[in-house]
Amino acid sequence: MDCHIFTINLAHNIQKILPLVRRRGADGRIPVRTLDRGASSSAVAAEPAGYPGGPYDTSLLVKYEHHVARHIWFGEERGPKKELKVAGHGLKLTSRVPLALPPQMESWVSRSGLSSLQRTSLNKIDTNLVSTFVERWHLETSSFHMLFGEMSITLDDVACLLHLPIRGIFWSPQDVTEELAVELDVDYLGVSQGQAQSHVRSCRGSYYKLEWLYDLFVHHRAASSWAYATRAYLLMLVGSTIFADKTFTLVEARYLLLFRDLDGCSGYSWGAAALVTLYRYLGDASMYSCKQLDGYPTLLQCWIHEYFPTVGKRGENWKPADNCGLPRAMRWSYRQEVLNVDDLRPILDELTPADVIWRPFEDHRAWCVFDEICLYRGCLKWGEKVVPYLPDRCLRQFGYRQYVPSPPLDCMMATDIDVDWISYHQSVITVIGSSTVATTPSDTVDGYLEWYYCVSHPRLVPPHRDAPREVPVPVYDAGPSDPDWARVSTLIHRYLRQVNAEEEDPQFSDLFEALHISRSH
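Residues numbered from 1 in each chain as written. Predicted model: local features only at pLDDT ≥ 70, side-chain atom pairs only at ≥ 80, totals over all residues. Heavy atoms only, no water.

## Some remarks on the nonpolar core
Short version of the rule: Among buried residues, those of type Ala, Val, Leu, Ile, Met, Phe, Trp, Tyr and Cys that are joined through side-chain atoms within 4.5 Å constitute a nonpolar core. Here's how the labels work: a residue is buried when its accessible area is under 20% of the maximum for its type, exposed when over 50%, partly exposed in between, all with a 1.4 Å probe on protein chains only. A run of H or I in DSSP becomes a helix once it reaches four residues, and a run of E becomes a strand once it reaches two; helices and strands are each numbered from the N terminus. We call two residues in contact when some of their heavy atoms are within 4.5 Å.
Ranked by internal contacts, the top residues of the largest apolar core, which has 121 residues, are Tyr208, Trp270, Trp303 and Phe308. Counting residues per element, this core draws most heavily on helix 12 (residues 270–285), which supplies 11 residues. For phenylalanine 308, the contacting residues outside a window of four places in its chain are Phe133, Met146, Phe148, Met151, Trp303, Leu351, Asp355 and Val356. Within the second largest apolar cluster, 11 residues are counted, among which are Val488, Ile492, Phe508 and Leu511.

Now the structure itself:
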């Protein structure tokens, strides 16, 4: 069939169904539709819904209305500063962590599974880089939404970057009043009743000050009170890293309960604890009303450095080949970056799969063997915090071909999280049983990108006002070799994506046939 005749016939078929289509305007908005004369109400009801500049299908990102990405599309920033307030404790930890602990303490700290946190923190955080990635995080999917699909920080990433144990039990919450915080202080930190009451009162709640814990550690170490010194030290350590919160100076008193038994605290899944806390804070920070990222930003920034070598400025302490088994987060150091949020947003918008190192830790497996529990699909919990953990949404990071994932879990309805975690094998089988090993690092099944562009917002920054916003057609899409047929294929593909067409719908059967014909040339 002649390509030009084919194109004319194609245009005629498209014109017949154009009245059913709701297009974005030049500003990216989905306009309020005025009924065409003769259009039926059923045709209007079938039109795609959606948000301006965002997903056509709103069934996935149900909180998009409040997401920062929706506002950025129209130039609405969180405040005078476009970057989030992000604070790390790296510099303070450097001064507080001794070069060596006394042997009596070292044994407990090492067995706790937390010893690697002593030296993984970046001294400074690139707030612009971190903020730009936060703008792409969605709490419904526990993932970053990039142009080419979803990516996430996984249990395997935490294990390799921080060397925290990912197997173990979840901690169940226990309310701690100010009175109980005082009692815990006396019983497990060796503080007098009066001193404990005075300190908790000064914190205005059930908290301990990080600086005060450090002073206790120094005091008890000098007095050879090893158990007290170790508890104060570990509580200060987790409060400065994986459990850091918006106060930047305090840690919740209830976390002291984790260290009552210094011989038994190794039984917790500290990797899951770090991930739950970070996911929760990323979800908060992705909302337009939030101006601060709490938690452990080192974990996020080092994850970016590993997967996105062309984004941000990275200081490198050593090459992977020279590593002697240290946590991979220690590979990176802070370097001053000249790019701000406005510079970084379009850079992230233009990233392709070729810009990603999909499996950055393969040269680290001698020290951190891959654990199949990282493919568990379910809810993770720590205290009262519960988040969905969905590796089926980022399968390319595990070496599998990405398919259209199942709808996210509703963690509010989850009741047997601990049981699901222990019996993780069944969910692993479900996750990888629907896929195959990827033939290329960025491999996806047919239809994945079409689905993704309907339920997400592939770009964060709108095009120029004088140009309509098109759903992006990735340069890495396979297509015909002939340039004319390639153009036809691209046009059909783009249109079918835009209207969220299904191949089994008779209304679009001719167009899908045309797409297959064009791709075969």
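## Notes on the environment of glycine 378
Following the sequence through the fold, glycine 378 ends up in strand 10 (residues 378–382). As a C-alpha pair, glycine 378 and proline 388 span 10 residues in sequence and 6.0 Å in three-dimensional space.

## A closer look at helix 13 (residues 297–307)
Along an α-helix, residues three or four apart share an orientation, since each turn contains 3.6 residues. By the criterion of burial, helix 13 is predominantly enclosed, with 11 of the 11 residues buried. Residues of helix 13 that are buried include every one of Pro297, Thr298, Leu299, Leu300, Gln301, Cys302, Trp303, Ile304, His305, Glu306 and Tyr307, and no others.

## Some points on the packing of helix 6 (residues 127–134) against helix 13
What counts is decided by this rule: For helices, the axis comes from a line fit to the C-alpha atoms of the stretch in contact; other axes are also lines fit to C-alpha atoms, and the angle between any two N-to-C directions lies between 0 and 180 degrees. Throughout, the term roughly parallel applies to angles under 35 degrees, roughly antiparallel to angles over 145, roughly perpendicular to angles from 65 to 115, and oblique to all others. Here the nonpolar group is Ala, Val, Leu, Ile, Met, Phe, Trp, Tyr, Cys and Pro; Asp, Glu, Lys and Arg are the charged ones; every other residue, Gly included, is treated as polar.
Where helix 6 meets helix 13, the closest approach of the two axes is 10 Å, and the angle between their N-to-C directions is 85°. Taken as axis vectors, helix 6 and helix 13 run roughly perpendicular relative to one another. Residues Leu129, Val130, Phe133 and Val134 of helix 6 form the contact with helix 13, whose participating residues are Leu300, Gln301, Trp303, Ile304 and His305. Of the residues that constitute the contact of helix 6 with helix 13, the class distribution is 7 nonpolar, 2 polar and no charged.

## A look at the packing of aromatic side chains
The relative placement of two aromatic rings is captured by the distance of their centres and the angle of their planes. Put simply, the test is: Pairing of aromatic rings covers Phe, Tyr and the six-membered ring of Trp, with a centre-to-centre limit of 6.5 Å; geometry is then stacked below 30 degrees between planes, edge-to-face above 60, and tilted otherwise.
Taken as a whole and judged by the stated rule, the model has 29 aromatic pairs. Summarising the aromatic geometry, the rings of phenylalanine 170 and tryptophan 421 are spaced 5.0 Å apart at their centres and angled 35° between planes, so their arrangement reads as tilted. Of this pair, phenylalanine 170 sits in the loop between helix 7 (155–162) and helix 8 (178–189) while tryptophan 421 sits in helix 15 (residues 417–422); the two residues are 251 residues apart in sequence, bridging distant segments of the chain. For tryptophan 421, a relative accessible area of 5% corresponds to the buried category. In textbook terms, an aromatic cluster arises when at least three aromatic residues are bridged by ring pairs, as seen for Phe133, Trp137, Phe144, Tyr279, Trp303, Tyr307, Phe308 and Phe361.

## Some details on the packing of helix 8 against helix 9 (residues 193–203)
Worth spelling out the cut-off: The crossing is said to be left-handed when, going from far helix to near helix, the turn is anticlockwise and less than a right angle, and right-handed when the turn is clockwise.
At a minimum axis distance of 9 Å, the contact between helix 8 and helix 9 shows a crossing angle of 135°. Comparing the axis directions of helix 8 and helix 9 gives the class oblique. In terms of crossing hand, the pair formed by helix 8 and helix 9 is right-handed. Note on element contacts: helix 9 touches helix 8 through Gln193, Ala196, Gln197 and Val200, opposite Glu178, Ala181, Val182, Asp185 and Val186. Broken down by class, the residue content of the contact of helix 8 with helix 9 amounts to 5 nonpolar, 2 polar and 2 charged.

## So, the side chain of threonine 230
The following threshold applies: We call two N or O atoms a polar contact when they sit within 3.5 Å, provided that within protein one can donate a hydrogen and the other can accept it, with sequence-adjacent residues counted only if both atoms are side-chain atoms.
If you trace the backbone, threonine 230 turns up in helix 11 (residues 226–240). A polar contact is formed between the side chain of threonine 230 and the backbone oxygen of tryptophan 226, at a distance of 2.7 Å. Beyond its immediate stretch of four places on either side in the chain, threonine 230 contacts Met105, Trp108, Val109 and Leu262.

## Quick notes on the sheet that holds strand 3 (residues 143–146)
Filter applied, for reference: In this description, strands pair whenever DSSP reports at least two bridges between them.
If you walk across this open sheet you meet the 3 strands as 2-3-4, and the pairing is antiparallel. Either end of the sheet is taken by a strand with one partner, and the two such strands are strand 2 (137–138) and strand 4 (149–151). Bridge count between strand 3 and strand 4: 3 bridges; the pairing is antiparallel. Each bridged residue has a counterpart across the sheet, and for methionine 146 the counterpart in strand 4 is glycine 149.

## Some remarks on helix 10 (residues 210–222)
Spelled out, the test is: In a helix, the anticipated span is given by 1.5 Å times the number of residues less one.
In this model, helix 10 (13 residues) spans 19 Å end to end at C-alpha, consistent with the 18 Å of a helix rising 1.5 Å per residue. Two residues or fewer past helix 10, serine 224 is found with a positive phi of approximately 60°.

## Things to note about the environment of leucine 258
Looking at the secondary structure, you find leucine 258 in the loop between strand 6 (250–252) and helix 12. For the pair leucine 258 and leucine 234, spaced 24 residues apart in sequence, the C-alpha separation works out to 9.7 Å. Not counting residues up to four positions away in its chain, the partners in contact with leucine 258 are Trp171, Phe243, Cys265, Tyr268, Trp270 and Trp382.

## So, unusual backbone geometry
Phi angles above zero are rare outside glycine, and serine 224 is one such case at about 60°. Along the chain, serine 224 turns up in the loop between helix 10 and helix 11. A relative accessible area of 42% places serine 224 in the partly exposed class. Residues other than glycine seldom take positive phi values, yet phenylalanine 248 does so here, at roughly 65°. Along the chain, phenylalanine 248 falls in the loop between helix 11 and strand 6. Classification of phenylalanine 248 by relative accessible area gives buried; the value is 14%.

## Quick word on a negative patch on the surface
As a reminder, the rule being used: Each patch groups residues whose relative accessible area exceeds 30% and which form no salt bridge, using 9 Å between like charges and 5 Å between nonpolar side chains of Val, Leu, Ile, Met, Phe, Trp and Tyr. Accessible surface area values rest on a Shrake-Rupley calculation with a 1.4 Å probe, where residue burial reflects the displayed protein chains alone. The rule for a salt bridge is simple: a side-chain nitrogen of Lys or Arg has to be within 4 Å of a carboxyl oxygen of Asp or Glu. Charged residues are defined here as Lys and Arg on the positive side and Asp and Glu on the negative side; His and the ends of the chain fall outside this count. A charge is said to be at NZ when it belongs to Lys, at CZ for Arg, at CG for Asp and at CD for Glu.
A cluster of like negative charges, contributed by Glu178, Glu179, Glu183 and Asp187, occupies part of the molecular surface. Secondary-structure assignment places aspartate 187 in helix 8. Residue classification places aspartate 187 among the partly exposed residues on the basis of a relative accessible area of 48%.

## Things to note about the confidence of the model for the chain
Inclusion rule: Values of pLDDT, ranging from 0 to 100, describe the predictor's confidence in every residue of the model.
Per-residue confidence for the chain averages 86 on the pLDDT scale, and 83% of its residues sit at or above 70. Low confidence marks residues 13–48, where pLDDT is under 50. Its contacts with residues over four positions away, or in another chain, come to 65 contacts. Below a pLDDT of 50 lies the segment residues 465–481, which in the model reaches 49 contacts outside its immediate sequence neighbourhood of four places, other chains included.

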